[in-house]
Every structure is written in C-alpha cells, then in structure tokens.
Amino acid sequence: MSEIAQARTFDEFMEGIWRQNPVFVMVLGMCPVLAVSVSAVNALSMGLATMFVLVCSCGLVSLIRKIVPKEVRIATYIVIIATFVTVVDYVIQAVSLEIYEALGAFIQLIVVNCIILGRAEAHASKHPPLTAMVNAMGMSIGFVIGLFALGAVREVLGAGTLFGFSLFGPNFQPWVVMVLPPGGFIVLGGWLLLFSALKRRKEVRLAAQGGGHGA
Amino acid sequence: MTVQTEIRSAPHIKGPRSVEQIMANVVYSLLPVCAFFVYQYGISAAASILVVTASCLLAERAFVRTGTQAGSLSDFSATITGLLLALTLPPGFPLWMGVVAGFSAIALGKALFGGIGFNVFNPALVGRAFVQAAFPAAIATYTPSFLPGRFTQFIPSSLAWPLMAPADTAAWLKAMHFDALASATPLAKWKFEGTLTAAGDLLTSLAGHMAVGPSPVLILVCGAYLALRRFMDWRIPAAVLGSAGLTAWLIFAVGGTKYPDPFFMLFSGGLILGAVYMATDMATSPVTPRGMWVYGGLIGVLTVVIRYYSGLPEGVMYAILIGNAATPLIERITQPTPFGKGASIRARKSASYTLHPDYISREEAGAKTPKKRFFKNKPKQ
C-alpha cells in the first residue's frame, strides 16, 4: 500500500472517531444514545451491537453497490441491515439475557438507526468494500465512545458505580435525575458544550495563525 | 470654550433607574427575609445562604468570562438568584447539594439562554427543580425552626461530604426529644397526615418548632417596599394570591371539610415568597398589564391544583415554571391596543358632534368628484 493510500485510509478511519463523530459532531442516532446510556455496560453493549451491524452492512452494501438499481436502494439497505440486526438480536439474547432486557426494543431499532442508513447511503454505496468498512469501523468506534461517555457519567452520578463496581462506597448519594431521561439530555448537552468549546478554541487558534489550513 | 450639543431622539429625560439599581434594591429587600431565615434556623441556614449564593456568583463569573453572555457579576442578578434559591431550600440541605443547585440554576436557567434578560425560566426555580429531581429525599427533609442551640450547632445533614448521603436528621431530632412529625412541613402534614396548622401561626412563622420558611408577613412587607418604589409590579403578586385564594375558597366552599381553608393555602409553603419574589422576575413575566393578571391567575390556579390533586405537597415551583413557559403566549394575546386604533376608532365613528357653523361640505359647495381613471396611462382622446 502506498503511503498516500495509507494516509487516506487512516483519514477515513479517524473521520468517524473525531472530525465527524456521530454523537458529538453530527448528533445522529440520538434515540439509542439517550435511551440506553443509563449505565456504562448498557452503553457499551449497544455500541458494540451497532458496530457489528454498521461494519457488516456497509461491507455488503459496498459489495453490491453496482448491481442495485437506484430506485430500490433504500429498501435493499434496510433488508441488509435488518438481517444483521436479527443476528445481533439473537446473539445478545444468547450471551446475556440481562443486557437483552435492559436494551429492550432498542436492539431491533438499530435497523432504523440513522447513522447506519446514513453511512450506507452516503459512503458505502460510493466506495469500495475495504474503504467502506474502514470508515464504518471509525464511525462505530466514534459512536461507542459517545455512548460510553454518556453512559459512564450517568452511571457514576446516578448510581455511584462504573461497570457495576462501586466507586464511592456505600454512603454515596445517587443523583436520581441522572438515570431519568432528563439526565440523558443534560449530560449530552454538557458533552456537546465541551466539544463546541474545544472546536471554538481551535478555530481561534487557527485564526491567530493567519487563517491557514483552509477555512 | 465650546459647548457640546448632543442631539438625540426620545426619550430625553434620563431616569436614574438601571438594572443594577433595581436588582440592588431587590437584594436589600431580601436581606430582612434572609435574616429572619437565619434567626429561625441558625448557622445552618446562614451557611446555606452563603454557599448557594457564592456558587451562583462563581458560576455566573465562569459563564460571563466566556464572553458569550450578557450581563456581569456587578448587576446583582446572580446574587438574587442565590438568595432566593437558598430561601426555597430546606435549611438543613447538604451544602454540597446547595453548590449543585446554585451552579445548575445559573448554568441551566440563565447561561443556557444567553445571560441576564434572555432567560425563559426563573433561574432560582430551575436550580431548585434540578435538585428536586436529583435529590428528592434531601429536599423533602425539613427540620423544625427555633431549635435550641441552633446558633452553635449545624443541622447534621448540612455538613455531608460531597457526593455522600446526608446524615439522618430524624435520629438527631429524636435525641432532642422531637417526634418525626415536627419536621414535616405544614403542607406535607396536611397532605399526608390530615392535620391542619393554624393560619395565624403560619402568617408570622414565630410559633416554635414548625418546619416553615420565612414569615409571610415579612415577605409581604418587603415586597410592598419594592412595589411602592415601583421596582416590581404589584399586579403579579395580587393576581397570584388572589387567584390561589379564590380557587382554594371555591373548592373549600364546594368540597367542604376535605379541603383546608383558603388562608391555610395562602400562607403555607412557598406561595407568598413565590408570588412576591419569583413570579415577578422581570425577564420571565409578561410586560403587558392585562398579561400580568392572566399570568398571575394561571400560577395561582395551578398552585392549588398541584397541591390538591398531585402526589406532591407543594406546587408553587412548577406552577411558576409553567407560567414562565406560557409568558410569550400570554404577551401575544394581551397586546394593548395602540392609541387611535381598535375600539376607540369605532367609538369615534358612532359619536355625533356638531359641526362648526361655517363649515360647508363638499356636496353643498357643489364640488364634483374627480372622475376615476382606470387606465392611468390611457392616451387622451
């Protein structure tokens, strides 16, 4: 692999993790993000399930991108995604019934997760399989990071634990609001604030350097 | 020596009134209320007021420093938020939770919307709503007023370590020979035990060992000072208290003994404090006089409805927050008619007045109406 191709692949990979992070930058797929991020374990398993579906379906969509007629492409993507979601659904059920019940309908709802459909439409249907899968991998790692960031904060404040391990001893005062839906919105807002503050600081720094680097 | 002339449009008369002046006067009028609160509950209340206000000011400073916010620390608005928030919290509220309340009041209630004057909801109540949702047990834990040794000893729950659960005040009170009922608020007592506190005791808050806030009489006096100096519109508290009293009286008249009398409703809980100091927040209440009546009426009715028919003993906070949310709508439907428009113009048409004797109408003078031309540019024939 030439150096340029390598750099481009790395770029594709990093895009989802940082510059186009689905949770913090694009603010996509908020439904599972807010609903299942009550604890770090839930968030992580939801993220991994989404990762599997995203990578596999992007690979498959990319493979058949030249033979799918334009008019039925969305339906085709949905069928492909639904297949992998069914696989994930059964796997989670087999591995841990507890997590399966905690995640509830949100596993099935991965089918209509806009990150996955968006990647299939915007990226996988226009790129070769390897690139598409690398990009999907980056995106889903970004999604996992986002989910974990929310789930960890909500679990630490809402229950005083992380991955079920007590952090503050038995005398901890749980913040009830954090495990309720408003807590999800408040924590998400806090993270978005942090990211936009970082972005602004970077812009200010770039402007101070003489407006280099494009914009 | 040249005289500089400045030419400006109206208004030409500059009043000394400014945001700082109004806010400072609200702070002065709050000081007696705070002092009474400290007299009731001792150093725990003093520490609570100081810590909550300090955390509000620190949060305000942090957000104002970002440069995206209107206002500054010196306009006293964050001080008011802190004082009011502390007055709505139980005196033995853990201090670290007070810091959370103060920070979230400014962050969620004010900075989120862009600073002073832009906030949709009363910041103090947003802070209280946040800690009510986060720590429902701690915010419902009151202690009786006028405890012996309140100026030398903290209420044990005040001094909880950060993030840790507060100490149990029930055991502490039992050691002082108080029963558990002494630390229930009058509203909670009525709602869950069915016992009614005399309205007179509530009015002064001077009777010993009741879990009540500062005296309603004192708050009304301080509010009257503000209203007389026109730092606050008297219509809003009048509407809130009037409609709450009327609703409670109607339900009392119809429902009878099942419901408490209207005076109990008026003087218990935070209704007076809410009506005088929180519903009147300038940024979050309507500016139209008719709108103020509608807004106050809505808050009063909602307060009584929440107190009677919900699981919560107290409803002033949510009533005011709902009223704040409805403020833009209320302002829209109660726009005053500008002079010369609307009803007055109809009245003038229907009125008959004698003409000047020298007046000759166009018809009498035999004037012809000019011919209307439909095609402006039609060439003359």
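Residues numbered from 1 in each chain as written. Chains lettered and ligands numbered in written order. Predicted model: local features only at pLDDT ≥ 70, side-chain atom pairs only at ≥ 80, totals over all residues. Heavy atoms only, no water.

Draft legend 1. Region of the structure containing the overall build of chain B. Summing up its helical and strand segments, chain B has 16 helices and zero strands in all. Relative to the 2.2 N^0.38 estimate, which gives 21 Å for 381 residues, the radius of gyration of chain B is 28 Å and therefore markedly larger than a compact globule would have. Once the C-alpha set of chain B is aligned to its principal axes, its extents read approximately 110 × 70 × 45 Å. Counting over 381 residues, chain B shows a buried share of 48%. At a minimum sequence separation of 6, the contacts of chain B that also span at least 24 residues come to 77%. Surface exposure of chain B reaches about 20500 Å², of which carbon and sulfur atoms provide 65%. (Helix = DSSP H or I, 4+ residues; strand = E, 2+ residues; numbered from the N terminus. Rg over C-alpha atoms; globule rule 2.2 N^0.38 Å. Buried < 20%, exposed > 50% of the residue type's maximum accessible area, 1.4 Å probe, protein only. Contact = heavy atoms within 4.5 Å. Areas by Shrake-Rupley, 256 points an atom, 1.4 Å probe, with all protein chains shown as cover.)

Draft legend 2. Region of interest: the overall build of chain A. Across its full length, chain A holds nine helices and two strands. For chain A, the α and β elements follow one another from N to C terminus as α-α-α-α-α-α-α-β-β-α-α. Counting only C-alpha atoms and orienting by the principal axes, one finds that chain A spans roughly 60 × 55 × 30 Å. Split into buried and exposed, the 215 residues of chain A put 41% on the buried side. Within chain A, residue pairs in contact and separated by at least 24 positions form 73% of the contacts whose partners lie at least 6 positions apart. Element-wise, carbon and sulfur atoms account for 70% of the exposed surface of chain A, whose accessible area totals about 11300 Å². Between the centroid of the 14 positive side chains of chain A and the centroid of its 11 negative side chains there is a distance of 11 Å. (Lys, Arg positive; Asp, Glu negative; His and termini not counted. Charge placed at Lys NZ, Arg CZ, Asp CG, Glu CD.)

Draft legend 3. Summary view of the confidence of the model for chain A. Taken as a whole, chain A shows an average pLDDT of 88; of its residues, 97% reach a score of 70 or greater. The secondary-structure element of chain A with the lowest mean pLDDT is helix H1 (residues 3–19) of chain A, recorded at 82, while helix H4 (residues 73–95) of chain A shows the highest, at 93. (pLDDT = per-residue confidence, 0-100.)

Draft legend 4. Quick look at the pattern of salt bridges. Counted under the stated rule, the structure contains five salt bridges over all chains. Of the charged contacts in the structure, one is a salt bridge between Glu 121 of chain A and Arg 73 of chain A, with a shortest N-O distance of 3.1 Å. Highlighted residues: Glu 121 of chain A in helix H6 (residues 114–122) and Arg 73 of chain A in helix H4, separated in sequence by 48 residues. Judged by its relative accessible area of 26%, Arg 73 of chain A falls in the partly exposed class. Close ionic contact of Arg 235 of chain B with Asp 233 of chain B constitutes a salt bridge, the shortest N to O distance being 3.1 Å. Using a relative accessible area of 23% as the deciding quantity, one classes Arg 235 of chain B as partly exposed. A residue is classified by how much of its surface remains accessible, and Asp 233 of chain B, at 24% relative accessible area, is partly exposed. (Salt bridge = Lys/Arg side-chain N within 4 Å of Asp/Glu carboxyl O.)

Draft legend 5. Region of interest: the interface of chain A and chain B. At the interface, twelve residues of chain A touch 14 residues of chain B. Both sides of the chain A and chain B interface together cover about 1100 Å² of buried area, and 75% of this is carbon and sulfur. The tally of links between chain A and chain B comes to zero salt bridges. Summed over the shared surface of chain A and chain B, the result is four residue pairs in polar contact (both at pLDDT 80 or more). Within the residue set of the side of chain A that touches chain B, elements represented by two or more residues are helix H8 (176–179) and helix H9 (181–208) of chain A. In terms of residue count, the dominant contributor to the side of chain A that touches chain B is H8 of chain A (three residues). (Buried area = accessible area lost by both parts, 1.4 Å probe. Polar contact = N/O pair within 3.5 Å; in protein donor to acceptor, adjacent residues only side chain to side chain.)

Draft legend 6. Quick look at the packing of helix H1 (residues 19–41) of chain B against helix H2 (residues 43–65) of chain B. Residue and element names in this part refer to chain B. Orientation of H1 relative to H2, taken along the N-to-C sense of each, is 140 degrees, at an axis distance of 6 Å. When the interaxial angle is binned, H1 and H2 end up oblique. Residues Cys 34, Phe 37, Val 38 and Tyr 41 of H1 form the contact with H2, whose own contacting residues are Ile 43, Ser 44, Ala 45, Ala 46 and Ile 49. Looking at the contact of H1 with H2, its residues break down into eight nonpolar, one polar and no charged. (Axes fitted to C-alpha atoms, helices over the stretch in contact; angles between N-to-C directions. Parallel < 35°, antiparallel > 145°, perpendicular 65-115°, else oblique. Nonpolar A, V, L, I, M, F, W, Y, C, P; charged D, E, K, R; others polar.)

Draft legend 7. Region of interest: the side chain of Thr 247 of chain B. All names here are of chain B. Positionally, Thr 247 belongs in helix H11 (residues 235–255). For Thr 247, a relative accessible area of 15% gives the class buried. Excluding its chain neighbours within four sequence positions, the residues that come into contact with Thr 247 are Val 301 and Val 304.

Draft legend 8. Geometry of the domain arrangement of chain B. Residue and element names in this part refer to chain B. Domain boundaries in chain B define domain 1 (20–141 + 143–169) and domain 2 (184–334). Domain 1 and domain 2 are separated by 20 Å when their C-alpha centres are compared. With both chains or domains summed, domain 1 and domain 2 bury close to 2700 Å², and 71% of this area falls on carbon and sulfur atoms. For domain 1, the biggest contributors to the area lost against domain 2 are Val 33, Phe 36 and Leu 125; these three give 19% of the whole. Between domain 1 and domain 2 we count zero salt bridges in total. Remark: the boundary between domain 1 and domain 2 carries five residue pairs in polar contact (both at pLDDT 80 or more). If you tally residues by element for the side of domain 1 that touches domain 2, the top one is H1, at 13 residues. Of the residues that constitute the side of domain 1 that touches domain 2, the class distribution is 21 nonpolar, eleven polar and one charged. (Domains from an automatic or database assignment.)

Draft legend 9. Here's a closer look at helix H3 (residues 40–63) of chain A. Spanning 24 residues, H3 of chain A covers 34 Å between terminal C-alpha atoms, matching the ideal 34 Å at 1.5 Å per step. Extensive coverage of H3 of chain A is indicated by the burial of 17 of its 24 residues. (Expected span 1.5 Å × (residues − 1).)

Draft legend 10. The arrangement of the packing of H2 of chain B against helix H3 (residues 77–88) of chain B in detail. Residues and elements named next belong to chain B. The interhelical angle for the contact between H2 and H3, taken along N-to-C directions, is 145 degrees, at an axis separation of 8 Å. As for how H2 packs across H3, the hand of that crossing is right-handed. Where H2 abuts H3, its residues Ser 48, Ile 49, Val 52, Thr 53, Cys 56, Leu 57 and Glu 60 lie against Ser 77, Ala 78, Thr 79, Thr 81, Gly 82, Leu 83, Leu 85 and Ala 86. Looking at the contact of H2 with H3, its residues break down into eight nonpolar, six polar and one charged. (Left-handed = near helix turned anticlockwise from the far one by under 90°.)

Draft legend 11. Here's a closer look at unusual backbone geometry. Residues and elements named next belong to chain B. A positive phi is found at Phe 76, a non-glycine position, where the angle reads about 70 degrees. Its identity is not glycine, yet Phe 146 carries a phi of approximately 55 degrees, on the positive side. Summarising the element assignment, Phe 146 is placed in the loop between helix H6 (136–139) and helix H7 (169–175).

Draft legend 12. Local environment of empty space enclosed by the protein. Residues and elements named next belong to chain B. With the rule as written, the count across this model stands at two cavities of 30 Å³ or more. In this structure, the largest cavity spans a volume of roughly 60 Å³. Lining the largest cavity, in full, are Gln 40, Tyr 41, Pro 144, Phe 146, Leu 147, Pro 148, Gly 149, Arg 150, Gln 153, Ile 155 and Trp 172. Looking at the lining of the largest cavity residue by residue, the class counts come to seven nonpolar, three polar and one charged. Within this model, the second largest cavity holds a volume of roughly 40 Å³. Along its surface, the second largest cavity is lined by Glu 60, Phe 63, Val 64, Gln 69, Ala 70, Ile 106, Lys 110, Ala 111, Gly 115 and Ile 116. Of the residues assigned to the lining of the second largest cavity, the class counts are six nonpolar, two polar and two charged. (1 Å grid on protein atoms, 1.4 Å probe; cavity = no way out; pocket = protein on both sides within 12 Å on 5 of 7 lines; lining within 4 Å. Points joined across faces, edges and corners; volume = space filled by probe spheres on them.)

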